[in-house]
There are 4 protein chains.
Amino acid sequence: MDHVTFIPTADQMAYTFGGAAPVVRITPPTVLTLWTEDAYGGRITSAADVATTALDTEDLNPQTGPFWIEGAEPGDTLVVHLVDLTPARTWGASTLIPFFGGLTSVPVSPTLQDPLPERTYIYEYDSAADTVAFSAHGSDFELALPANPMLGTVGVAPARREVRTSLVPDVFGGNMDTPEMRAGATCYLRVNVPGALFSLGDGHYRQGEGESCGTAVEGAMNVTAIVGLVKGGGPAWPRIESDTHLMCVGSGRPLEEAWRAGQVEMITWLGELYGLDRLDAYQLLTQISLAPIANVVDTNYSSVTKVDKRLLPAAAAFGGVHQEMRSAARAFGTITY
Amino acid sequence: MDHVTFIPTADQMAYTFGGAAPVVRITPPTVLTLWTEDAYGGRITSAADVATTALDTEDLNPQTGPFWIEGAEPGDTLVVHLVDLTPARTWGASTLIPFFGGLTSVPVSPTLQDPLPERTYIYEYDSAADTVAFSAHGSDFELALPANPMLGTVGVAPARREVRTSLVPDVFGGNMDTPEMRAGATCYLRVNVPGALFSLGDGHYRQGEGESCGTAVEGAMNVTAIVGLVKGGGPAWPRIESDTHLMCVGSGRPLEEAWRAGQVEMITWLGELYGLDRLDAYQLLTQISLAPIANVVDTNYSSVTKVDKRLLPAAAAFGGVHQEMRSAARAFGTITY
Amino acid sequence: MDHVTFIPTADQMAYTFGGAAPVVRITPPTVLTLWTEDAYGGRITSAADVATTALDTEDLNPQTGPFWIEGAEPGDTLVVHLVDLTPARTWGASTLIPFFGGLTSVPVSPTLQDPLPERTYIYEYDSAADTVAFSAHGSDFELALPANPMLGTVGVAPARREVRTSLVPDVFGGNMDTPEMRAGATCYLRVNVPGALFSLGDGHYRQGEGESCGTAVEGAMNVTAIVGLVKGGGPAWPRIESDTHLMCVGSGRPLEEAWRAGQVEMITWLGELYGLDRLDAYQLLTQISLAPIANVVDTNYSSVTKVDKRLLPAAAAFGGVHQEMRSAARAFGTITY
Amino acid sequence: MDHVTFIPTADQMAYTFGGAAPVVRITPPTVLTLWTEDAYGGRITSAADVATTALDTEDLNPQTGPFWIEGAEPGDTLVVHLVDLTPARTWGASTLIPFFGGLTSVPVSPTLQDPLPERTYIYEYDSAADTVAFSAHGSDFELALPANPMLGTVGVAPARREVRTSLVPDVFGGNMDTPEMRAGATCYLRVNVPGALFSLGDGHYRQGEGESCGTAVEGAMNVTAIVGLVKGGGPAWPRIESDTHLMCVGSGRPLEEAWRAGQVEMITWLGELYGLDRLDAYQLLTQISLAPIANVVDTNYSSVTKVDKRLLPAAAAFGGVHQEMRSAARAFGTITY
């Protein structure tokens, strides 16, 4: 298996899905060792850096990539297995940004109310304890929380000639902002253009479901991933597989439409795996679905439909590629989960 | 503590929150031993009973109650601790009902498409194994699933003179359809009218998050609950506490509004428990919220905001009444969780 | 034709659809001469009366009625023809109410932002010029606007034993807040309970489509109406007919669901009038529909689907009752439109 | 004033806003004489051409353009005055397309229901009578409707490096599908990239508000427009001015968000024209807003906020450019409205 290391310089980052030239061409399966800048472009470094003065709103959520995947053609399935996510800094940051987030009015749904005050929270990352530390601004409340590194953004170039900012989640993946995108997870994405043009970024040291205020504990991340390709079989919406769960991520607005998209995708998947007709799969899903919200803050909202594999008969999704990549990752010698 | 047993006859059931005369007056805290009919009014008994011919659409989701709570006044907090939920039949039923459910058009959002076909699924309940059995209609796929008894509907009379059908979830509780409403959970509801007029029903032997097709594994249920009263402090939206989690349930449409309501309620709760200002609570919730969807099928949708108590400093919500009721329940001698 | 005059005293007003005892029994067709209090219950009388101090939030939007309609049974069509609406005061009032309106966060979809400032606008009504006068608070801008008297609220008791506040629009009519409910219009409502229990109120001297801030130029109103009954044929959603237009009013959330409900109702109506199948009616409506929004501020939003009768062949809806009532109204001798 | 004529060949059409090379560079103000292909790319020519077999889903809604506007820089205001729209064919076509339209489930909000049947309606255009003829499929109902030529799509390149399909309406204009985009209207769009990269297309010989089934009476169009530039002042959302009305077009999902965007844009505009503070403008708009829905079928929905200029004091928007262009158009000698 090839092994490619790529650490982007500031001018090598991408801010869109589609529309950016590939930084590296890889032949799947390839192990990638990557570094990703945080969603602020590294511009928030202390509690004094508030969004309106520190951020460049044209250059948010930089992506590492895109990677050209040799042999990838529209309709194929790109496979991205996250082997390891390790915080690349000793701190992360979360900011209350005016007119951004789930509990404020936003430009696409404006009100006449004033914005919320700005605040930037710095979370020290304790690598020994594997925690991030919350400190209140309005009181002396402090709390250490377990780190749970994840990637907010994983995606490919969209179809129909489109170029979308890295802030948007949609059928091509993108900024889904689900904590399920963690080490050990395998993400399946439909290829829309030759070469797939895959990229990732938006490291979170920890995030709750929904990403309420709009920003997680954002931080630069060291990423190890295996990228593979299954010919054909590209799913309509992103799918994620872990050792324990099958997941589908729908994105859209209003939130129930994101949920519907993820549900129908899972019904399709259960049909593929178990030969269930669509009504039987609908019925079964009714009784076993987990439905954690991913984000209610981005231009599209994202909702995860999640099924515990342990409730179901054993089945090998996409030819068992998740297990293969898990085994390959263990063979590196450094993976302990 | 008083102990009241009430098994309603067919003509004693309530179909509304508000508007029904109380069946029993109790002095809190009181232990209630109850039986609840299923949401179909017991009219679905085999796979041959499909919704359009078997159901009485005017008499759906019968409630056991309402109970008049002595001393309960508007603004108080009704406390309902679920001690035990045990299936009262050897089978449950789930039905695909035309123009009802999450993946079909519905009367309040109609399309011109034909309805989905009707199907009724009977799930045998194996009390020894504590499982319910799914059998596909379109193939020979069968699967035993762990039972997870819960109540779809817990509520009080609404404010502003309203009477609402038992099919609706709202600020008064009602048909929230969340699997979190299981044995061991304590539900807090704001009292809106003198006596509170509390009722419950809609037993589910198992349900996934979202209740995709609109009906869980519906079944009659034996219910043991302790009902208490905290003067004042009535929450804006229903709250639930378990040994491990704090939860707030928002209901509304579109789904993001239900989520927002639950989020703001949790921010209020975190403020009460830890003295956090609202922006600090917003920030903290961003990193620790769990957000399982409850239902996307009822007239209002419901979304749960859920926080793991083990991440937080110890705190006694509502004066520690959950722990008191847990202890009291254990003292009955039959509670093993 | 009977003629009944009813001027409610303060304790005779209704605040709900359903749940209130009838004030008068009438035999259709009957001419009603009525007076309606404004939606504030008459508590706003000057610019110094702001909502949070002046209003009684439990007693908003008082209705005149309900009227028991002899012979009305579930499934019938109640016919309400508005003969005349005349402002009953020399001024109306519109208020910016905290956390109420279309361009602020609201309790059912909360944010953490502060409320907008309160302001009360008094509009002098010039009966000679038939205008209402806007005066800005922040500058000396003044503007006389044509009066356009209408009723925000017309409805009957709901089905399924429900009692709903007069603030809500739904299938039973209620607080639809559309400027189409003006003199010369005939409203058709499905009867849900014996006697129909019809009431009306919420006079507006003028309102834009959407009722942006949540309150029109609210004022007490003198109302002349003819109430009739057509056996059977009750529409799924409220319909309105004028000399020039057919209209259907859907209500719900999100707003597209209100629009869908009104559209499908119109497709049904076009099918009834012209024998069109549903796909042909859908196609025709696509090219002729007008779609003025009614309100985006109430608990449900309302959307009007409106068709110009002059584009269509002549047809007599509901047996031509609109024309009959128009003729009867002209025969009173006072109607000049 | 320059006068440029451009009739695109099949390979000169654009399918995106942004991402396409300019076809012509013009110096504002310039009169453009253009031809636009229909949204089907001319592939529907008879009732036998149904969407699933006749259409190329990758090449829908071809645009004429983009035009590079000399001197246009981000933040400027592009001015597009529609002088004349004349049907370029003797017939138009409207199609029921599976899983597309306002009264069917759609891929972004899927259900498990079957699609509606396909139907293609050909409308003969009678240029003498200026009508289009509807013929039912399921009966012999026929109806001549007044033609009302308009453009569904007018837009510029988006910001943030994005490229969007011509099927989407958003802040950059695009596929708003409002009947207000007719001859005599002036559209104001914020310039996002150097040269603006403006294009237009999607001729409709007639369309109802909402574009219910997703396709109007689609047809190739001869277009005369004047394109101008106002330095600075670019609006947040598209604005339209006619001799009688001011309009703002918001787009988004759910529909109330589109409405909110248009409302706040109009509040800003009223403030600019009359010096009203935002609360006064909100209040005034509440009483004078018209709110015709534009489309409930595209990826974003569009809603128009519309104000009758005759209710307001005279004011010259954008320096009076609308009147200037109207005068210039009359000077051509062929404009009679």
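Residues numbered from 1 in each chain as written. Chains lettered and ligands numbered in written order. Predicted model: local features only at pLDDT ≥ 70, side-chain atom pairs only at ≥ 80, totals over all residues. Heavy atoms only, no water.

Quick look at the overall build of chain A
And step 1. Looking only at helices and strands, chain A has four helices and 22 strands in total.
And step 2. Relative to its length of 337 residues, chain A is compact, with a C-alpha radius of gyration of 19 Å against a globular reference of 20 Å.
And step 3. Across its three principal directions, the C-alpha atoms of chain A cover 55 × 45 × 45 Å.
And step 4. Taking as baseline every contact in chain A between residues at least 6 positions apart, the subset at least 24 positions apart corresponds to 77%.
And step 5. For chain A, the exposed surface amounts to about 10,200 Å²; the carbon and sulfur share of it is 52%.
And step 6. Averaging the locations of the 20 positively and 38 negatively charged side chains of chain A gives two centres separated by 6 Å. (Helix = DSSP H or I, 4+ residues; strand = E, 2+ residues; numbered from the N terminus. Rg over C-alpha atoms; globule rule 2.2 N^0.38 Å. Contact = heavy atoms within 4.5 Å. Areas by Shrake-Rupley, 256 points an atom, 1.4 Å probe, with all protein chains shown as cover. Lys, Arg positive; Asp, Glu negative; His and termini not counted. Charge placed at Lys NZ, Arg CZ, Asp CG, Glu CD.)

Quick notes on the interface of chain C and chain D
And step 1. Chain C puts 63 residues into the contact, and the matching count from chain D is 63 residues.
And step 2. In total, chain C and chain D occlude about 5,200 Å² of area from one another, counting both sides; carbon and sulfur atoms represent 63% of this.
And step 3. Where chain C meets chain D, there are four salt bridges.
And step 4. The closest approach of N and O atoms between C:Arg119 and D:Asp280, which form a salt bridge, is 2.7 Å.
And step 5. Where chain C touches chain D, the interface holds 46 residue pairs in polar contact (both at pLDDT 80 or more).
And step 6. Elements supplying a minimum of two residues to the side of chain C that touches chain D: β7 (91–96), β8 (119–126), β10 (142–146), α2 (255–274), α3 (278–288) and β22 (301–308) of chain C. (Buried area = accessible area lost by both parts, 1.4 Å probe. Salt bridge = Lys/Arg side-chain N within 4 Å of Asp/Glu carboxyl O. Polar contact = N/O pair within 3.5 Å; in protein donor to acceptor, adjacent residues only side chain to side chain.)

Focus: the interface of chain A and chain B
And step 1. Counting residues at the interface gives 63 residues for chain A and 63 residues for chain B.
And step 2. Taken together, the two surfaces of chain A and chain B that pack against each other cover about 5,200 Å², and 63% of this comes from carbon and sulfur.
And step 3. A per-residue breakdown of the area chain A buries against chain B is headed by A:Leu103, A:Tyr282 and A:Gln287, which together make up 14% of the total.
And step 4. On the surface where chain A and chain B come into contact, there are four salt bridges.
And step 5. Those elements that place two or more of their residues in the side of chain A that touches chain B are β7 (91–96), β8 (119–126), β10 (142–146), α2 (255–274), α3 (278–288) and β22 (301–308) of chain A.
And step 6. Considering each element in turn, the side of chain A that touches chain B owes the most residues, nine residues, to α3(A).
And step 7. Among the residues forming the side of chain A that touches chain B, the class breakdown is 36 nonpolar, 19 polar and eight charged. (Nonpolar A, V, L, I, M, F, W, Y, C, P; charged D, E, K, R; others polar.)

Regarding the relation of the copies chain A and chain B
And step 1. Rotating chain A by 180 degrees about the axis while translating it 0.0 Å along that axis superimposes it on chain B, leaving an RMSD of 0.0 Å. The superposition operator between the copies reduces to a two-fold rotation axis. Residues of chain A ranked by C-alpha distance from the rotation axis are headed by A:Pro292, positioned 2.2 Å from it. (Least-squares fit on C-alpha atoms with pLDDT ≥ 70 in both.)

As for the sheet that holds strand β15 (residues 186–190) of chain C
The strands that make up a sheet pair up through hydrogen bonds in the backbone, lying either parallel or antiparallel.
Residue and element names in this part refer to chain C.
And step 1. If you trace the nine strands from one edge of the open sheet to the other, you get β1-β4-β18-β6-β15-β19-β20-β22-β21, paired in mixed fashion. The open sheet has two edge strands, β1 (2–6) and β21 (293–295), and neither has a second partner. When the angles between neighbouring strand axes are averaged without regard to direction, this sheet yields 25 degrees.
And step 2. Of the strand pairs in this sheet, strand β20 (residues 245–252) and β22 are connected by eight bridges, and their pairing is antiparallel. When the bridges of β22 are listed, Cys248 appears paired with Thr305. (Pairing = 2+ DSSP bridges. Axes fitted to C-alpha atoms, helices over the stretch in contact; angles between N-to-C directions.)

Considerations on the nonpolar core
And step 1. In terms of nonpolar packing, the biggest core is built from 179 residues, with A:Leu78, A:Phe198, B:Leu78 and B:Phe198 touching the most fellow members.
And step 2. Among the elements that take part in this core, helix α2 (residues 255–274) of chain B stands out by supplying 10 residues, more than any other.
And step 3. In contact with A:Leu78, other than residues within four places in its own chain, are A:Ile69, A:Val156, A:Cys187, A:Tyr188, A:Leu189, A:Val191, A:Ala196, A:Phe198, A:Val227, A:Gly228 and A:Leu229.
And step 4. If you look at the next biggest cluster of nonpolar residues, it comprises 178 residues, including C:Tyr188, D:Leu34, D:Phe67 and D:Tyr274. (Core = buried A, V, L, I, M, F, W, Y, C linked by side-chain atoms within 4.5 Å. Buried < 20%, exposed > 50% of the residue type's maximum accessible area, 1.4 Å probe, protein only.)

Points about unusual backbone geometry
And step 1. With an omega of -5 degrees, the peptide bond between B:Pro28 and B:Pro29 qualifies as cis.
And step 2. Among the structural elements, B:Pro29 can be located in the loop between β3 (24–26) and β4 (30–36).
And step 3. The peptide bond linking B:Arg253 to B:Pro254 adopts the cis configuration, its omega dihedral lying at -10 degrees.
And step 4. You can see B:Pro254 is positioned in the loop between β20 (245–252) and α2.
And step 5. Positive phi, normally seen in glycine, also occurs at A:Ala196, with a value near 70 degrees.
And step 6. Inspection of the secondary structure assignment puts A:Ala196 in the loop between β15 (186–190) and β16 (198–206).
And step 7. On the basis of relative accessible area, A:Ala196 is assigned to the buried category, the value being 0%.

Points about helix α2 (residues 255–274) of chain D
And step 1. Here α2(D) spans 29 Å end to end across 20 residues, near enough to the 28 Å set by a 1.5 Å rise per residue.
And step 2. Here α2(D) lies mainly inside the structure; 17 of its 20 residues are buried. (Expected span 1.5 Å × (residues − 1).)

Some points on the pattern of salt bridges
Residue and element names in this part refer to chain A.
And step 1. Applying the stated rule across the entire model yields 80 salt bridges over all chains.
And step 2. In this structure, Arg43 engages Asp56 in a salt bridge whose closest nitrogen and oxygen atoms are separated by 3.9 Å. Taken together, the residues span a long stretch of sequence, with Arg43 in the loop between β4 (30–36) and α1 (51–54) and Asp56 in the loop between α1 and β5 (63–69) at a distance of 13 residues.
And step 3. One salt bridge in this structure joins Glu162 and Arg164, with 3.8 Å as the shortest N-O distance.

Points about the pairing of strand β9 (residues 131–135) of chain D
All names here are of chain D.
And step 1. The sheet contact formed by strand β8 (residues 119–126) and β9 spans three bridges and is antiparallel. In the strand pairing of β9, Asp126 is matched with Thr131.
And step 2. Counted along the chain from β8 to the antiparallel partner β9, the turn is four residues long, and its residue Asp130 has a positive phi close to 60 degrees.
And step 3. Taken together, the five bridges between β9 and strand β10 (residues 142–146) define a ladder with antiparallel strand orientation. Residue pairing for β10: Thr131 is matched across the bridge by Pro146.

Things to note about the packing of α2(C) against α3(C)
Residues and elements named next belong to chain C.
And step 1. One can describe the packing of α2 onto α3 by two numbers: an axis separation of 9 Å at closest approach and a directional angle of 115 degrees. In the crossing of α2 with α3, the sense of the turn from one axis to the other is right-handed. Side by side, α2 and α3 meet where Gln263, Val264, Met266, Ile267, Thr268 and Leu270 of the first sit next to Arg278, Ala281, Tyr282 and Leu285 of the second. (Left-handed = near helix turned anticlockwise from the far one by under 90°.)

Here's the deal with the side chain of C:Gln63
Residue and element names in this part refer to chain C.
And step 1. Position of Gln63 relative to the elements: it lies in strand β5 (residues 63–69).
And step 2. By relative accessible area, which is 0% here, Gln63 ends up buried.
And step 3. In this structure, Gln63 is in contact with Met13, Ala14, Phe17, Thr153, Ser166, Ser199, Leu200, Gly201 and Asp202, ignoring residues within four places of it in sequence.

Re the sheet that holds strand β6 (residues 77–87) of chain A
Residue and element names in this part refer to chain A.
And step 1. Pairing in this open sheet of nine strands is mixed, and the strands run β1-β4-β18-β6-β15-β19-β20-β22-β21 from one edge to the other. The outermost strands of the open sheet, each flanked by one partner alone, are β1 (2–6) and β21 (293–295). If you compare each strand with its neighbour and ignore which way they point, the axes differ by 25 degrees on average.
And step 2. With 10 bridges joining them, β6 and strand β18 (residues 221–230) adopt antiparallel strand pairing.

Some details on helix α4 (residues 321–331) of chain B
All names here are of chain B.
And step 1. Considered for burial, the residues of α4 that qualify are Val321, His322, Met325, Arg326, Ala328 and Ala329. Axial view of α4: buried residues confined to an arc of 165 degrees, hence all on one face.
And step 2. Residues of α4 that are buried sit in contact with β6 (77–87), β15 (186–190), β18 (221–230) and β19 (239–241). (Arc of directions from axis to C-beta.)

Here we look at the side chain of D:Asn61
And step 1. Within the fold, D:Asn61 resides in the loop between α1 (51–54) and β5 (63–69).
And step 2. With residues near it in sequence (within four places) discarded, D:Asn61 still touches D:Ala14, D:Tyr15, D:Ala39, D:Thr153, D:Ser166, D:Leu167, D:Asn175 and D:Asp202.

Some points on the environment of A:Phe141
And step 1. Topologically, A:Phe141 is positioned in the loop between β9 (131–135) and β10.
And step 2. On the basis of relative accessible area, A:Phe141 is assigned to the buried category, the value being 10%.
And step 3. Sequence-wise, A:Phe141 and A:Pro87 are 54 residues apart; in three dimensions their C-alpha atoms are separated by 24 Å.
And step 4. Among residues more than four places away in sequence, those in contact with A:Phe141 are A:Phe134, A:Ser135, A:Ala136, B:Tyr274, B:Leu276, B:Leu284 and B:Pro313.

Concerning the relation of the copies chain C and chain D
And step 1. Superposition record for chain C on chain D: RMSD 0.0 Å, screw rotation 180 degrees, translation along axis 0.0 Å.
And step 2. Mapped onto chain D, 100% of the interface residues of chain C are again interface residues, and the two copies thus contact each other with one and the same surface.

Describing the environment of B:Ala291
And step 1. For B:Ala291, the position within the fold is in the loop between α3 (278–288) and β21 (293–295).
And step 2. Between the C-alpha atom of B:Ala291 and that of B:Gln263, which follows or precedes it by 28 residues, the distance is 9.1 Å.
And step 3. What B:Ala291 contacts, discounting residues up to four positions off in sequence, is A:Glu209, A:Ala291, A:Pro292, A:Ile293, B:Trp259 and B:Val304.

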